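Examining the three-dimensional arrangement
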Amino acid sequence: KKTVFRTEWFVVEEEFFLGLTALGGKPIYRIVEPDAVCVLAVTMDQKIILVRQFRPIINEYTLELPAGHIDKGEDVLNCAKRELYEETGYMCAKWFCLASGIPVQASRSTMRNTLFCALGAVYDPSFSSKENIEVKLVALGELKRLIISGECRQGAAPGALQLAYWQGLIPANF
């Protein structure tokens, strides 16, 4: 394999798999990028913390759970705490890993996601945002509606919501 393109965020590799006749001798291209975290954070009054931000790749604003890449050498839980705080100004005392090592797009990217549920989120009034992100608080049932309607199209959001329910971290009547 060889690197055919490099940015500060990812690398594109080319690799030939000569033994796979289905590829017809053509190379595959993979995006090599850091693993990531995604946080389903619940406030003390049972609101879900979402972020609204512009995504240049799709040229539109998205509504998502707080998420981000793990820095080299960074502990995955510390990354989740950092991303939640950097994007929203919220901190949580109780953290639960819902799932780890989930391929984000196994057909193109090496990135794997770790999903967390964080309970008891409290806003830090001294927080000063350094990112152009709008924070939105929604009821549990509202997040479900936003996912079903397509307003929240983040791939990890439905999984995080369902896993938190299955693990008894959020109420069954959401």
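Quick caveat: nothing in here was measured; it's all calculated off a predicted structure.

With that settled, consider the overall build of the protein chain. Scanning the protein chain from N- to C-terminus turns up three helices and 11 strands. Going from N to C terminus, the protein chain has its helices and strands arranged as β-β-β-β-β-β-β-α-β-β-β-β-α-α. Counting only C-alpha atoms, the protein chain reaches 55 × 35 × 30 Å along its principal axes. A burial count over the protein chain gives 40% of its 174 residues as buried. Restricting to contacts in the protein chain with at least 6 residues of sequence separation, those with at least 24 account for 58%. Carbon and sulfur atoms make up 55% of the accessible area of the protein chain, which amounts to about 10200 Å² in all. Averaging the coordinates of the 19 positive side-chain charges in the protein chain and doing the same for the 20 negative ones gives two points 5 Å apart.

An ideal rise of 1.5 Å per residue puts 18 Å on 13 residues; helix α1 (residues 76-88) measures up with 18 Å between its terminal C-alpha atoms. Residues of α1 that are buried: C79, A80, R82, E83, L84, E87 and T88. The residue sitting at the N-terminus of α1 and contributing the capping side-chain oxygen is D75; that oxygen lies 3.1 Å from the backbone nitrogen of L77. Positive backbone phi, at 85°, marks G89, one or two positions downstream of α1.

Below, the discussion takes up the pairing of strand β4 (residues 36-43). Counting buried positions over the eight residues of β4 gives eight, a clear majority of the element. Burial of β4 is two-sided: the residues A36, C38, L40 and V42 facing one way and the residues V37, V39, A41 and T43 facing the other way are all buried. In terms of strand pairing, β4 meets strand β7 (residues 67-69) through three bridges, oriented antiparallel. Bridging from a neighbouring strand, C38 pairs with A67 of β7. Note that β4 and strand β10 (residues 112-123) share eight bridges and pair parallel. Its bridge partner being in β10, T43 is matched across the sheet by A121.

Scoring rules and cut-offs
- Residues numbered from 1 in each chain as written.
- Predicted model: local features only at pLDDT ≥ 70, side-chain atom pairs only at ≥ 80, totals over all residues.
- Heavy atoms only, no water.
- Helix = DSSP H or I, 4+ residues; strand = E, 2+ residues; numbered from the N terminus.
- Buried < 20%, exposed > 50% of the residue type's maximum accessible area, 1.4 Å probe, protein only.
- Contact = heavy atoms within 4.5 Å.
- Areas by Shrake-Rupley, 256 points an atom, 1.4 Å probe, with all protein chains shown as cover.
- Lys, Arg positive; Asp, Glu negative; His and termini not counted.
- Charge placed at Lys NZ, Arg CZ, Asp CG, Glu CD.
- Expected span 1.5 Å × (residues − 1).
- Polar contact = N/O pair within 3.5 Å; in protein donor to acceptor, adjacent residues only side chain to side chain.
- Pairing = 2+ DSSP bridges.

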